Amino acid sequence: MKIAVCAKYVPEATAARRIDPSTKRLDRSGEGALNAFDANAVEEALKARDASGEGEVVIVSVGPERALEAMRRALAMGADRVVLVSDEGAAGSDLVATSRVLAAALERENADLVLFGQQANDSDGAVLWAAVAERLQRPLVSQVAELTLEDGKLRGKRQTEYGYDVIEAPLPAVVAVSDAINEPRYPSLKGIRGAKKKPQETVSLGDLGVDAGAAGEAGSRTTVEALNDPPARGDVQKIEDDGSGAEKIVDFLAEKKAL
Amino acid sequence: MRFLVFLEHHDGKLQKDSLGVLSKAASLGDVEAVVLGQGVQELAADAGRFGAKRVYVQDDVLLDKPLPQPRVDALETLLADNGFDAVLFAATVLSADVAAALAARLDVGLNYDLTDLVVDGDKLVGKRPALGDSVYVDVGWTSEPRLALIRSGTFEPQESGGSAEVVPFESRFQDFSLAATMVEQAHEESEGPSIEDADVIVAGGRGLGGPEGFQQVEELAKALGGAVAATRAVVDAGWYPYSAQVGQTGKTVAPKLYVAVGISGAIQHKVGMQSSALIVAINKDPNAPIFEYADLGVVGDLNEIVPKLTELVKARKAA
Ligand SMILES: Cc1cc2nc3c(=O)[nH]c(=O)nc-3n(C[C@H](O)[C@H](O)[C@H](O)COP(=O)(O)OP(=O)(O)OC[C@H]3O[C@@H](n4cnc5c(N)ncnc54)[C@H](O)[C@@H]3O)c2cc1C
Ligand SMILES: Nc1ncnc2c1ncn2[C@@H]1O[C@H](COP(=O)(O)O)[C@@H](O)[C@H]1O
């Protein structure tokens, strides 16, 4: 089975994140990493490939050139190759523009299954898959916490506001997984060493036949008008536990008359 | 400004958040609504009480199950014949997929996770807290209709006592839209305790390491005289029952005290507990988003802190 995993390059979780006031875009100058939620999609793809006994897992990403290094983590986990769409003209893409670029890259791959992570931790959108499934004209199942593949179809169990649904769809299909679907493996030393040698392709918008006007800010349909400070918060305090954390909590609760 | 609000429904009732969005839109301009499903005529008329002048209804067996893709076909048909300035959705698992797919179908802008909407002349401005709510972004649209997903729990429904004209419509479906089928719907995994009325809640997340980790949470909750809650991650993993889940797809709670143990504090969790009077968080990761909004955050290992805390609370209460 051929599986494509959509994975995003996001700022490192430990980095201070900010929107650059001049470009009104996320400041991507700091360290970056594979979006942690996408590791769940990679893990699920590896399991499906290995269970089917054939095929490949290809990582598809839209991002800056530096993203390639972060995507190597997925290769080290066991994915077979990476396709990175990297083009100045794709920077600043909103949902419609990103979905157009990503769908073009996915069309070239023509995978049996396209997997997404739960959300990008810099956008918290949890929406991109639906736009991509629409462009690929494929059935979609999102928020999947349990996935089974058999006889050319998939079955996904997922939580909604009202309980659990079980949804079936024929392949080829698009699935977005939840962060509870699995425990992503850690790359082995051998995996890390082997990753560098696996195929890693960088493609431009032109290579995909996407017009410059269809991506980036030109292809976007939303704008960022202004950046404001968040409303003032009450007193929030954060302390390190030096062995007295529990006492401090009790003192705090007593002071707030919450005991 | 002319708004269309997508009204979601479950079990014969219009969903609360989508009625909240309807009420908000009614305060901003002319508002109409759309209800898609089977046997939904009567329930659609109810939207009039919350400010809709007209409700478009497609009553179709192919819309019986709450799957997103056929709804995109229906909305495309409806929007082709009507000049709406904006189409609003209350964010739910279903609506988010409908809105994003519709944006791609029509090639129009979608802004998501909005917590307010402001009309400024002929302009609509969306307010979007971003990067873990650390910056508030004003967002706009360069195409019409403007699509917007409103963060769950943002607007309260307000009855204005009107009535709506119900307008049936029909649409055709694409083959790929009908390819997915629902074989089981809204199944409640297990019955469990109710957490909505509790004054004190101790909630556990994936940091507990496994279902057995909930034992220490239960002991702390017992000492504090409170109830136990959980995140989606641990509920999905089967560590704790769905009935105890807090967040967008779980319960909304506002206890006097909420203790979050081994919980990162994702937005979708936050929307279910942010109105708690006092929030205490224990997490070993100093960068966890929960520390942005916990009144007291303790960076440390829950396995060290929680048992001690339980003993200290017991001692206090005994004294
Ligand atoms: C549409 C949608 C709806 C959703 N609805 C909900 C919802 O209703 N409710 C909900 O909760 N989530 C919901 N989510 C999921 C949400 O985005 C998060 O994925 C989820 O809340 C994470 O759960 P968690 O905090 O338990 O796990 P994690 O994010 O994995 O966090 C675990 C935390 O435990 C800490 N930790 C680990 N070990 C220790 C230790 N020994 N001591 C102290 N701390 C430790 C870690 O530092 C980490 O911060 C939804 C997501 C989507 C896309
Ligand atoms: N630039 C990107 N390139 C590839 N995949 C992406 C990109 N952005 C988002 N995704 C995928 O879409 C999912 C949801 O992203 P979002 O809707 O932005 O929260 C992520 O978990 C990834 O699987």
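Because the structure is predicted, anything quoted here is derived from the model rather than measured.

## Examining helix α4 (residues 128-136) of chain A
Part 1 of the argument: Counting buried positions along α4(A) gives eight out of nine residues, so the element sits mostly inside the fold.
Part 2 of the argument: Within α4(A), burial applies to A:Trp129, A:Ala130, A:Ala131, A:Val132, A:Ala133, A:Glu134, A:Arg135 and A:Leu136.
Part 3 of the argument: Next to the buried residues of α4(A) lie α3 (95-109), β8 (113-116), β9 (140-150) and β12 (173-177) of chain A together with α3 (68-80) and α4 (93-106) of chain B.
Part 4 of the argument: The first or second residue beyond α4(A) is A:Gln137, which carries a positive phi of 55 degrees.

## Regarding the interface of chain A and chain B
Part 1 of the argument: In this assembly, 81 residues from chain A lie in contact with 88 residues from chain B.
Part 2 of the argument: Carbon and sulfur atoms make up 57% of the surface buried where chain A meets chain B, a total of about 7,300 Å² over both sides.
Part 3 of the argument: Where chain A packs against chain B, one counts six salt bridges.
Part 4 of the argument: The shortest N-O distance in the salt bridge between A:Arg135 and B:Asp107 comes to 3.3 Å.

## Topic: helix α5 (residues 214-224) of chain B
Part 1 of the argument: Restricting attention to buried positions, one finds in α5(B) the residues B:Phe214, B:Gln216, B:Val217, B:Leu220, B:Ala221, B:Ala223 and B:Leu224.
Part 2 of the argument: Residue B:Gly225 follows α5(B) closely and has a positive phi angle near 70 degrees.

## Digging into the site of ligand 2
Residue and element names in this part refer to chain A.
Part 1 of the argument: Around ligand 2, the surrounding shell holds 19 residues, and the nearest of these are Cys6, Asp38, Val62, Ser123 and Ala126.
Part 2 of the argument: Measuring from an oxygen atom of ligand 2, one finds a side-chain N or O atom of Ser123 at 2.7 Å.
Part 3 of the argument: When ligand 2 is considered free in solution it has 490 Å² of accessible area, and contact with the protein chains removes 96% of it.
Part 4 of the argument: Contributions of two or more residues to the shell around ligand 2 are made by β6 (56-62) and α4.
Part 5 of the argument: In terms of residue count, β6 provides more of the shell around ligand 2 than any other element does, three residues in total.
Part 6 of the argument: Of the residues in the shell around ligand 2, the class split is eleven nonpolar, six polar and two charged.

## Structural notes on a nonpolar patch on the surface
Part 1 of the argument: On the surface, B:Val61, B:Leu62 and B:Leu178 cluster together into a nonpolar patch covering about 250 Å² of accessible area.
Part 2 of the argument: Relative to the helices and strands, B:Leu178 resides in the loop between β12 (165-168) and β13 (181-187).

## Structural notes on the nonpolar core
Part 1 of the argument: In terms of nonpolar packing, the biggest core is built from 66 residues, with A:Leu106, A:Phe116, B:Val34, B:Phe89 and B:Leu149 touching the most fellow members.
Part 2 of the argument: With nine residues, the single largest contributor to this core is α4(B).
Part 3 of the argument: The contact partners of B:Val34, leaving out residues within four places of it in the chain, are B:Leu4, B:Val5, B:Phe6, B:Leu7, B:Tyr56, B:Leu75, B:Leu78 and B:Phe169.
Part 4 of the argument: Ranked by size, the runner-up nonpolar core spans 58 residues in total, among them A:Leu253, A:Ala258, B:Ile195 and B:Ala230.

## Some points on unusual backbone geometry
Part 1 of the argument: Between A:Leu171 and the following residue, A:Pro172, the backbone shows a cis peptide bond with an omega angle of 0 degrees.
Part 2 of the argument: By secondary structure assignment, the location of A:Pro172 is in the loop between β11 (163-170) and β12.
Part 3 of the argument: Residues B:Glu144 and B:Pro145 are joined by a peptide bond in cis, for which omega reads -5 degrees.
Part 4 of the argument: For B:Pro145, the position within the fold is in the loop between β10 (135-141) and β11 (146-150).
Part 5 of the argument: Of note in the backbone geometry, A:Gln137 takes a positive phi value of approximately 55 degrees without being a glycine.
Part 6 of the argument: Counting through the fold element by element, A:Gln137 comes out in the loop between α4 and β9.
Part 7 of the argument: The phi dihedral of A:Asp151 falls on the positive side, at around 50 degrees, and the residue is not glycine.
Part 8 of the argument: Assignment of secondary structure puts A:Asp151 in the loop between β9 and β10 (153-160).

## Notes on the pattern of salt bridges
Part 1 of the argument: All told, the structure shown has 44 salt bridges over all chains when counted by the stated rule.
Part 2 of the argument: Put simply, A:Glu217 and A:Arg25 hold a salt bridge, and the shortest N to O gap is 3.0 Å. Of this pair, A:Glu217 sits in helix α7 (residues 216-219) while A:Arg25 sits in strand β4 (residues 25-26), and the two are 192 residues apart along the sequence.
Part 3 of the argument: When the shortest N-O distance is used, the salt bridge between A:Arg49 and A:Asp50 registers 2.9 Å.
Part 4 of the argument: Given a relative accessible area of 43%, A:Asp50 falls into the partly exposed group.
Part 5 of the argument: Counted as one network, the salt bridges with shared partners bring together B:Asp113, B:Arg128, B:Asp133, B:Arg151 and B:Lys270.

## So, the sheet that holds β11(A)
Part 1 of the argument: With mixed pairing, ten strands are arranged side by side in an open sheet as β13(A)-β7(A)-β6(A)-β1(A)-β8(A)-β12(A)-β9(A)-β10(A)-β11(A)-β13(B). Of all strands in the sheet, those with a lone pairing partner are β13 (200-203) of chain A together with β13 of chain B, marking the two edges. Going across the sheet, the axis of each strand differs from the next one's by a mean of 25 degrees, ignoring polarity.
Part 2 of the argument: By the bridge criterion, six bridges tie β9(A) to β10(A) in an arrangement that is antiparallel. Opposite A:Glu146, over in β10(A), you have A:Lys157 as the bridge partner.
Part 3 of the argument: Where helix α1 (residues 36-52) of chain A meets the sheet, it contacts β1 (2-6), β6, β8, β9 and β12 of chain A, and its direction lies at approximately 175 degrees from that of β1(A).

## What about the pairing of strand β1 (residues 2-7) of chain B?
Residue and element names in this part refer to chain B.
Part 1 of the argument: Most of β1 sits out of view: five of its six residues are buried.
Part 2 of the argument: Note: β1 against strand β4 (residues 30-37), six bridges, orientation parallel. Residue Leu4 lies in a different strand from β4, and its bridge partner there is Glu32.
Part 3 of the argument: Sheet analysis places β1 next to strand β6 (residues 86-90), joined by four bridges and oriented parallel. Within β6, the residue paired with Leu4 across the bridge is Val87.

## Focus on the site of ligand 1
Part 1 of the argument: In the neighbourhood of ligand 1, 31 residues make up the surrounding shell, with A:Asp179, B:Thr231, B:Ser264, B:Gln268 and B:Asn283 lying closest.
Part 2 of the argument: Taken together, the residues near ligand 1 originate from chains A and B.
Part 3 of the argument: B:Gly262 has a polar backbone atom sitting 3.1 Å from an oxygen atom of ligand 1.
Part 4 of the argument: Within the side chain of B:His269, an N or O atom sits 2.8 Å from an oxygen atom of ligand 1.
Part 5 of the argument: Burial of ligand 1 by the protein amounts to 90% of the accessible area it has alone, namely 990 Å².

Rules used in this analysis
- Residues numbered from 1 in each chain as written.
- Chains lettered and ligands numbered in written order.
- Predicted model: local features only at pLDDT ≥ 70, side-chain atom pairs only at ≥ 80, totals over all residues.
- Heavy atoms only, no water.
- Buried < 20%, exposed > 50% of the residue type's maximum accessible area, 1.4 Å probe, protein only.
- Helix = DSSP H or I, 4+ residues; strand = E, 2+ residues; numbered from the N terminus.
- Contact = heavy atoms within 4.5 Å.
- Buried area = accessible area lost by both parts, 1.4 Å probe.
- Salt bridge = Lys/Arg side-chain N within 4 Å of Asp/Glu carboxyl O.
- Near = heavy atom within 4 Å.
- Polar contact = N/O pair within 3.5 Å; in protein donor to acceptor, adjacent residues only side chain to side chain.
- Areas by Shrake-Rupley, 256 points an atom, 1.4 Å probe, with all protein chains shown as cover.
- Nonpolar A, V, L, I, M, F, W, Y, C, P; charged D, E, K, R; others polar.
- Patch = residues over 30% accessible without salt bridge, like charges linked within 9 Å, V, L, I, M, F, W, Y side chains within 5 Å.
- Core = buried A, V, L, I, M, F, W, Y, C linked by side-chain atoms within 4.5 Å.
- Pairing = 2+ DSSP bridges.
- Axes fitted to C-alpha atoms, helices over the stretch in contact; angles between N-to-C directions.

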